[in-house]
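# Observations on the model geometry
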Amino acid sequence: MSLSVEELPLAWLRDNCPCLRCRDPRNGQKLFQITELPVDLALGAVRQTADGVEVDWAPDGHRSAYSARWLTANRPDAGDGSGDRRDETGKTLWVAADLADGLPEADWAEYLRDPVTKARVLESVLGLGFALLRDVPCREGQVLAVAETFGYVRETNYGRLFDVRVEPDPNNLAFTGARIAPHTDNPYRDPVPTLQLLHCLSNAAVGGDSGLVDGFKAAALLRAEDPEAFAVLTRIPVPFRFSDARTELAADRPLIDVDGRGRIREVRFNNRSISTLRLPADELDAFYRAYRIFAEITLRPELQLDFRLSPGDCLIFDNVRLLHARTAFEESGARHLQGAYADIDALAGTLAVLLRQRVVAGEEFLDGLAQLFTGEGAGAYLGEAVTMAQHMLQAAAQAEEAGAPGPLVAAALLHDIGHFQGPVSGEELMAGTDNLHSHTGADRLADWFGPEVTEPIRLHVAAKRYLCAVEPEYFDRLSEASVYTLEVQGGPMSPSEVDGYEANPYAADGVAVRRWDDEGKDPEVSAPDFAHFRPLLAALLRTA
């Protein structure tokens, strides 16, 4: 972007001065109040710097420096999205068919072990509104441990955790076998617990299946189909009430809450908790008309995502967005869930920290790759006339010149990474021991890249064997070293192996990488260095 600060709002620019007089270097917090800035702010001298722009302010002579990176990331005309991702613009709205390929889920042990898996689960809660953890230990109180992996338990009148099972004297229909229609919990609180967790300990009862509805999607449909009804439900506060012998809770809030720009930010929907509205008759008529229309939308079959919780399943969902439900069940059957409340701001913060750490670790990983290209990569390449680094850089340049998609360019660049620091060296391969570098390389890279990068790498040795079997003339183009390694690696494929290779969804990509591999052995060819490809690799890193 242009670094012309003259066109930027001056109060905004000065308010964001990063200097040590304006911000505490330990925590980044501002050291001044807005009232302490000059009312008649004006630009004095403006100087371009190596990485941005420096400004002298009038009338007080204060000096500010802004990096080009900061100005680009924070330009005022790009700020209309959801910064905290709490409103509808920060979500992926869905109907049941959108999740036909499977629920957003992960294994509990993997979630604890792998930061990428954990980030993916938390992103699903933030973006889709829910995620399901499988094989969470079936022990009492475990739901609290789940909540504490990303935030803090919100204690309520139900305690730190609550049991969802049949009670002899229930203070809530949830503690019976009755059908529960789609709803949000605790609408009579302000603020509402924004997350709910339900951990299944047993579910042997007939019935008792679970359901979810994207309340933001339902509200968006209402806005599109009946704007007047939508306006009513965002305007009229509803008296939500709950009381028992020890508790009295009340909150007057609309069914659909929007922010100052009219974007859906919260849904409170619970027919069991709506008290008596006291409004003029015409407003009551308008409310009940809109309320019915919205309720009917939430019950549309295409919005209903139905599933059954099994012992060990823990559902985490956004309680001010998703409506949850269950079918009736026989009270004689064993059905026991334990639940807890938490808040989405802590989850979002944990996700942000994970992503920040992952980005830093990703840069360190790329630094390590760069060192391999300048270190070990400067060594001989299996009897060829180029170094290992030259070979891989040439292969990547061939892929780039061919217009290959980014993941295939990356695969061509990194296809021989398994020769580096592996349990069996490339030298041993040349001595007759297959080092399986295609597999070790793909496995090493799988922590950072998706299968569109790793699987062509995994297949590039098999692709040589495949091409030798299906293209007789291909063998004649192999270098002397490749002919030798072909035999070490198993020789041309058998007909059954050919069939197996062709059935692989990445078979064509593996062949493409193989052909660029074959072409990357010319000592007279100059290829871009690793730094040229680094931005591409950075864009492909699995940071979540």
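Located above this text is the structure these notes cover.
Rules and cut-offs
- Residues numbered from 1 in each chain as written.
- Predicted model: local features only at pLDDT ≥ 70, side-chain atom pairs only at ≥ 80, totals over all residues.
- Heavy atoms only, no water.
- 1 Å grid on protein atoms, 1.4 Å probe; cavity = no way out; pocket = protein on both sides within 12 Å on 5 of 7 lines; lining within 4 Å.
- Points joined across faces, edges and corners; volume = space filled by probe spheres on them.
- Helix = DSSP H or I, 4+ residues; strand = E, 2+ residues; numbered from the N terminus.
- Nonpolar A, V, L, I, M, F, W, Y, C, P; charged D, E, K, R; others polar.
- Core = buried A, V, L, I, M, F, W, Y, C linked by side-chain atoms within 4.5 Å.
- Buried < 20%, exposed > 50% of the residue type's maximum accessible area, 1.4 Å probe, protein only.
- Salt bridge = Lys/Arg side-chain N within 4 Å of Asp/Glu carboxyl O.
- Pairing = 2+ DSSP bridges.
- Axes fitted to C-alpha atoms, helices over the stretch in contact; angles between N-to-C directions.
- Parallel < 35°, antiparallel > 145°, perpendicular 65-115°, else oblique.
- Left-handed = near helix turned anticlockwise from the far one by under 90°.
- Contact = heavy atoms within 4.5 Å.

Think of a ball as big as a water molecule: rolled over the atoms, this probe shows where empty space is left. There is about 450 Å³ of room inside the largest pocket. What lines the largest pocket is a set of 32 residues, among which Ala174, His183, Asp185, Arg272 and His324 lie closest to the centre. Only strand 6 (162–164), strand 7 (180–183), strand 8 (195–203), strand 9 (210–214), strand 10 (238–243), strand 16 (322–326) and strand 17 (335–342) provide two or more residues apiece to the lining of the largest pocket. Counted by class, the lining of the largest pocket contains 17 nonpolar, 10 polar and five charged residues.

Another point: the nonpolar core. Judged by nonpolar contacts, the single largest core of 52 residues is most densely connected at Phe130, Leu233, Leu255, Ile256, Phe287 and Phe294. In this structure, Leu372, Val409, Phe530 and Leu537 belong to the second largest nonpolar core, which totals 36 residues.

This next bit is on the pattern of salt bridges. One pass over the full model with this rule turns up 35 salt bridges. We note a salt bridge from Arg160 to Glu148, for which the minimum N-O separation is 3.1 Å. Pair noted here: Arg160 is in the loop between helix 5 (142–147) and strand 6 and Glu148 is in the loop between helix 5 and strand 6, with a separation of 12 residues, a long-range link. Between Arg268 and Glu266 there is a salt bridge whose closest N-O contact spans 2.7 Å. Looking at Arg268, the relative accessible area reads 2%, which means it is buried. Take Glu266: its relative accessible area is 14%, and that puts it in the buried class. Three or more residues joined by partner-sharing salt bridges are found here, namely Arg47, Glu54, Asp56 and Arg63.

Glancing now at the pairing of strand 11 (residues 248–253). Across six bridges, the pairing between strand 10 and strand 11 is antiparallel. Bridging across to strand 11, Pro239 finds its partner in Asp252. As consecutive antiparallel partners, strand 10 and strand 11 are separated by four residues.

On to the packing of helix 11 (residues 406–414) against helix 18 (residues 507–519). Following both chains from N to C, one finds helix 11 and helix 18 inclined at 50°, their axes separated by 10 Å at the closest point. Classified by the angle between their axes, helix 11 and helix 18 sit oblique to one another. Helix-helix and strand crossings are classified by hand; for helix 11 and helix 18 the assignment is right-handed. Across from Leu408, Ala411 and Ala412 in helix 11, the residues of helix 18 making contact are Asp509, Val513 and Trp516. Here the contact of helix 11 with helix 18 is built from residues that sort into five nonpolar, no polar and one charged.

Moving on: the side chain of Gln142. Within the secondary structure, Gln142 sits in helix 5. The exposure class of Gln142 is buried, given its relative accessible area of 6%. With residues up to four places along the chain from it excluded, the contact list for Gln142 reads Trp108, Val136, Pro137 and His199.

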